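# Survey of secondary and tertiary structure
Residues per chain are reported as follows:
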Amino acid sequence: MDFFNFTFMKNILILLSLFIGIHSSFALPNWGKTGHRVVGAIAEKHLSRKALKKINTLLNGTSLAYVSIHADEIKSDPKYNNFSPWHYVNFKEGEKYGETPAHPKGDIIQGIKSCILKIRDTNSSTADKQFYLKFLVHLLGDLHQPLHVGNAEDKGGNTIKVDWFNTASNLHRVWDSNMIDSYKMSYSELSNNTKHKTTTEIANIKSGSLLDWTYESKALATKVYASAKMNDNLSYTYMYHHFPIAESQLQKAGIRLAHVLQLVFCGKNTELDTFFNGI
Ligand code: ADE
Ligand code: ZN
Ligand code: ZN
């Protein structure tokens, strides 16, 4: 390689690393792609044939796993900026939802409610129903990532810098994707290897309101915040103790997504009112 080419290549590499650096420090992602797809794939196993058929028709045959990351993909388009606060809700430990003034553009609770109402609204266009269904699939996943029900000061753990196996990360990203990626299973492998649940256990998971599920994530978030501190280098021990919680949350999210979709596509308004209790 002659000198010109060497300098040229060096500049390209510098630009590339700057680009990657900027992107990784500003991105505030959600359960990574794998986590969201696992939730979609598990949900499909728990849907009735009738609901599955309606959903398949609306989504033109694409799977819930496939559409689950659409709400993240649209973040690259400023047209959708208004939806970015829909991915999480922050309030203080020991406080109830609503005690902290709500985010003016909404939060994950209002987001889930809006999606459901838009899909059920007979005046909504097919395109809108598709959009809000994809968003709903995504948000049920996010609701079960404990740090999406986090503290505002640290942006749900995004500002708590930690290392993951000696590579720079943050507590939020450890829970969104680092643990799941380190497990090295595809979304279909993960969704096909869930712990067996009895009918009673499944009924218990499905029971409760949207707010009950939010408080459950909040309680887990408190444990997650206590599990690590700034500059920790997390690795095997962290994975050993905490990956089972992430796995169990993904399974619950999938079962609950199926339950919500059952209500949306086959349920009564009164059942939905109960689900929205307190919101
Ligand atoms: N930005 C601010 N708070 C957040 C949270 N809890 N989760 C994801 N992104 C956030
Ligand atoms: Zn999200
Ligand atoms: Zn996240």
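Described below are features of the structure shown in this document. No experiment lies behind these values; they were computed from the predicted model shown. (Residues numbered from 1 in each chain as written. Chains lettered and ligands numbered in written order. Predicted model: local features only at pLDDT ≥ 70, side-chain atom pairs only at ≥ 80, totals over all residues. Heavy atoms only, no water.)

Leu-136, Leu-171 and Tyr-238 are the most contacted members of the largest nonpolar core, which totals 69 residues. Among the elements that make up this core, the one with the highest residue count is helix α12 (residues 236–266) (13 residues). Discounting chain neighbours no more than four positions away, the residues touching Leu-136 are Ile-112, Cys-115, Ile-116, Ile-119, Leu-257, Val-260, Leu-261 and Val-264. (Core = buried A, V, L, I, M, F, W, Y, C linked by side-chain atoms within 4.5 Å. Buried < 20%, exposed > 50% of the residue type's maximum accessible area, 1.4 Å probe, protein only. Helix = DSSP H or I, 4+ residues; strand = E, 2+ residues; numbered from the N terminus. Contact = heavy atoms within 4.5 Å.)

Attention shifts here to the pattern of salt bridges. A full pass over the atoms with the stated rule returns 4 salt bridges. Where Lys-75 meets Asp-72, a salt bridge forms, and the shortest distance between an N and an O atom there is 3.3 Å. Between Arg-256 and Glu-216 there is a salt bridge, with its nearest N and O atoms 3.0 Å apart. On the criterion of sequence distance, the pair formed by Arg-256 in helix α12 and Glu-216 in helix α11 (residues 210–226) is long-range, its members being 40 residues apart. Through salt bridges that share partners, Glu-216, Lys-252 and Arg-256 make up one connected network. (Salt bridge = Lys/Arg side-chain N within 4 Å of Asp/Glu carboxyl O.)

As a structural note, the neighbourhood of ligand 1 is formed by Tyr-88, Asn-90, Leu-147, His-148, Lys-155, Gly-156, Asn-158 and His-172. A distance of 2.8 Å separates a nitrogen atom of ligand 1 from a polar atom in the side chain of Asn-90. Here a nitrogen atom of ligand 1 sits 3.0 Å away from a polar atom, N or O, in the main chain of Leu-147. Protein burial of ligand 1: of its 260 Å² of free accessible surface, 94% is covered by the chains. Split into classes, the residues belonging to the shell around ligand 1 amount to 2 nonpolar, 5 polar and 1 charged. (Near = heavy atom within 4 Å. Polar contact = N/O pair within 3.5 Å; in protein donor to acceptor, adjacent residues only side chain to side chain. Areas by Shrake-Rupley, 256 points an atom, 1.4 Å probe, with all protein chains shown as cover. Nonpolar A, V, L, I, M, F, W, Y, C, P; charged D, E, K, R; others polar.)

Below, the discussion takes up the side chain of Ser-209. Position of Ser-209 relative to the elements: it lies in the loop between α10 (199–206) and α11. Owing to a relative accessible area of 8%, Ser-209 belongs among the buried residues under this scheme. Contact partners of Ser-209, with chain neighbours within four places excluded, come to Thr-274, Phe-275 and Asn-277.

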